[in-house]
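# Descriptive analysis of the structure
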2 protein chains.
Amino acid sequence: MTSVIESASNEKIKVASKLSVSSKERKEKNSFLLEGLRLCRDAAECGVSVRTFFYTQNAFEKHEADVRFISSKAENTFLISKAAALKLSDTQTPQGFFCVCACLPARDEESILKSGKFIALENLQDPSNLGAVARTAEALGITALITESGCDIYNPKAQRAAMGSLLRLPVIRTDDLCALIGKCRARGFKTYATTPSDSAKLITEADMSGSVIAVIGNEGNGVSQRIFDSCESVTIPMKGRAESLNASVAAALVMWELMKG
Amino acid sequence: MTSVIESASNEKIKVASKLSVSSKERKEKNSFLLEGLRLCRDAAECGVSVRTFFYTQNAFEKHEADVRFISSKAENTFLISKAAALKLSDTQTPQGFFCVCACLPARDEESILKSGKFIALENLQDPSNLGAVARTAEALGITALITESGCDIYNPKAQRAAMGSLLRLPVIRTDDLCALIGKCRARGFKTYATTPSDSAKLITEADMSGSVIAVIGNEGNGVSQRIFDSCESVTIPMKGRAESLNASVAAALVMWELMKG
């Protein structure tokens, strides 16, 4: 039988709510909060460890089969009041589906980095950009996403923009992208760093065959010098007055060319 | 001398504030509100008719030259209080720059549609997607953006995501995209409609030479049947489990291929 939580100040609700706003809290608890029918079902389907599933009466009435399915995969399930749902939600009209999940187990970097096509994000700040890149990467068939610093993949905005991709796509989080790039170059990878500078090689003329890592830089400052030093610079030719492309669009064009190689 | 507005319930502030939330109000008043240093300066620079410029003392202290420049292009200028700025702003920490601008004059459809590369958006719902498409379109050198129904280009979220592109890029707003496409086909344009269906021709194999219109559909429902009937279907090959690409990313990849033709 499902337990019921009425109060928005219930301890379990408070703890879950903190996970959605604090990256520090997510790290300490090694867990994160997902919201929405689609993301909760995605998590249950792809084997993410669901510690707690919260749903509302309204969610049950509209999507009983989904509630039963997610509940069958969760360690604990609670029926919660509308007030508690509002406390957990990012939106004003929550769907009434929330999962506290364990952070994904670390990937085996060595086996993933044997070969393939990789997109690396250096210090990306906007979680929506991170999520959008993951969604595109999965759709285009990128091997794995590599991130160094910047926003974390468990940020609710990143998860929402990713539409489940961040639960499925392999993500390698590194503290030293330079070292990772150096290691891959030694294995014969081609490594590219993107820049708006038009003196760089056109992305359409770069050799994308074999194993490749392409680096997209921070929204404001681009790729850092230490990364440029260990990569070949490539650029997306631009014609208009717009100073630059949005990071997730630049990443999409780079991945598109990458997957042609 | 600049007049001063202290109260957030001042009539001019109320009228301007309505423009940011209501598309109906924008249509009735034939004007729209821009927020932020960059957008206000872009408007003043590219000849948009600035009816009223509002700035805060803080904005003046930080960016005096910009305040003077925008003010020199505006019909009226008001120094406003922080409270009034908060009333006008979309954000909690406004930069203190706001312009009420006249909606852009209608473009000469006939001369623009003579030749070139066009992206058409059918009933796009998310203003951030619309803005992102415009930003990419300008950067890649697209001739003009064509829109039918959906969100309007004066929506503040669209303007923000466009980073000024919607003030510069020619936009043709049509009530009948089918008729427009028919007319262009008669002139020898190639017309493509994008679909996730993998039975369609790959976007990389479509002939993008000469004049081309490519249609991106609504986020939920894609391109409508009536448009498919007057276009050749093209698709972006996908490999992963992600059901589809974000509309602004799909548009970016299509425009990228378009500009190679």
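Please refer to the structure placed before this passage.
Below is a short write-up of the structure. (Residues numbered from 1 in each chain as written. Chains lettered and ligands numbered in written order. Predicted model: local features only at pLDDT ≥ 70, side-chain atom pairs only at ≥ 80, totals over all residues. Heavy atoms only, no water.)

## Remarks on the relation of the copies chain B and chain A
Superposing chain B onto chain A takes a rotation of 180° combined with a translation of 0.0 Å along the rotation axis, leaving an RMSD of 0.0 Å. Interpreted geometrically, this transformation is the action of a two-fold axis. Here 100% of the contact residues of chain B are again contact residues in chain A; the copies associate through an equivalent surface. (Least-squares fit on C-alpha atoms with pLDDT ≥ 70 in both. Contact = heavy atoms within 4.5 Å.)

## Quick word on empty space enclosed by the protein
Across all of its chains, the model carries two cavities of 30 Å³ or more by this definition. Volume-wise, the largest cavity comes out at about 40 Å³. In terms of lining, the largest cavity is formed by Leu121, Leu124, Leu130, Thr147, Glu148, Ser149, Gly150 and Cys151 of chain B. When grouped by side-chain class, the residues that make up the lining of the largest cavity number four nonpolar, three polar and one charged. Quantified by volume, the second largest cavity comes out at close to 30 Å³. Lining the second largest cavity, in full, are Leu121, Leu124, Leu130, Thr147, Glu148, Ser149, Gly150 and Cys151 of chain A. (1 Å grid on protein atoms, 1.4 Å probe; cavity = no way out; pocket = protein on both sides within 12 Å on 5 of 7 lines; lining within 4 Å. Points joined across faces, edges and corners; volume = space filled by probe spheres on them. Nonpolar A, V, L, I, M, F, W, Y, C, P; charged D, E, K, R; others polar.)

## Thoughts on the sheet that holds strand 9 (residues 190–194) of chain A
All names here are of chain A. Spatial ordering of the open sheet is given by 8-7-6-11-9-12-10, a layout of seven strands whose pairing is parallel. The open sheet has two edge strands, strand 8 (171–174) and strand 10 (201–202), and neither has a second partner. Of the strands in this sheet, strand 6 (117–122), strand 9 and strand 11 (212–216) are in contact with helix 13 (residues 247–260), which crosses strand 11 at around 165°. (Pairing = 2+ DSSP bridges. Helix = DSSP H or I, 4+ residues; strand = E, 2+ residues; numbered from the N terminus. Axes fitted to C-alpha atoms, helices over the stretch in contact; angles between N-to-C directions.)

## What to know about the interface of chain B and chain A
With 31 residues of chain B at the interface, the matching set in chain A holds 31 residues. In total, chain B and chain A occlude about 2600 Å² of area from one another, counting both sides; carbon and sulfur atoms represent 59% of this. Counting every contact that joins chain B to chain A gives two salt bridges. At the junction of chain B and chain A, the tally comes to six residue pairs in polar contact (both at pLDDT 80 or more). (Buried area = accessible area lost by both parts, 1.4 Å probe. Salt bridge = Lys/Arg side-chain N within 4 Å of Asp/Glu carboxyl O. Polar contact = N/O pair within 3.5 Å; in protein donor to acceptor, adjacent residues only side chain to side chain.)

## Some remarks on the packing of helix 3 (residues 37–45) of chain B against helix 5 (residues 64–73) of chain B
Residues and elements named next belong to chain B. At a minimum axis separation of 9 Å, helix 3 and helix 5 run at an interaxial angle of 40°. With respect to helix 5, the axis of helix 3 lies oblique. Classified by chirality, the crossing of helix 5 by helix 3 is left-handed. Only Asp66, Phe69, Ile70 and Lys73 of helix 5 make contact with helix 3, whose side of the interface consists of Leu37, Cys40, Arg41, Ala44 and Glu45. Of the residues assigned to the contact of helix 3 with helix 5, the class counts are five nonpolar, no polar and four charged. (Parallel < 35°, antiparallel > 145°, perpendicular 65-115°, else oblique. Left-handed = near helix turned anticlockwise from the far one by under 90°.)

## A look at the pattern of salt bridges
A side chain with one charge may pair with a side chain of the opposite charge, provided their charged atoms come close. Overall, the coordinates contain 34 salt bridges over all chains when judged by the stated rule. Measuring nitrogen to oxygen at the nearest pair gives 2.6 Å for the salt bridge that ties Arg187 of chain A to Glu110 of chain A. Taken together, the residues span a long stretch of sequence, with Arg187 of chain A in the loop between helix 11 (177–186) and strand 9 and Glu110 of chain A in helix 7 (residues 109–112) at a distance of 77 residues. Residue classification places Arg187 of chain A among the partly exposed positions, given a relative accessible area of 37%. For Lys183 of chain B, the salt bridge goes to Glu109 of chain B, with nearest N and O atoms at 3.4 Å. With Lys183 of chain B in helix 11 (residues 177–186) and Glu109 of chain B in helix 7 (residues 109–112), this pair connects stretches of sequence that are 74 residues apart. (Buried < 20%, exposed > 50% of the residue type's maximum accessible area, 1.4 Å probe, protein only.)

## Observations concerning the environment of Phe189 of chain A
Assignment of secondary structure puts Phe189 of chain A in the loop between helix 11 and strand 9. Once residues within four sequence positions are removed from consideration, Phe189 of chain A is found in contact with Leu113, Lys114, Ser115, Phe118, Cys184, Ser211, Val212 and Ile213 of chain A.

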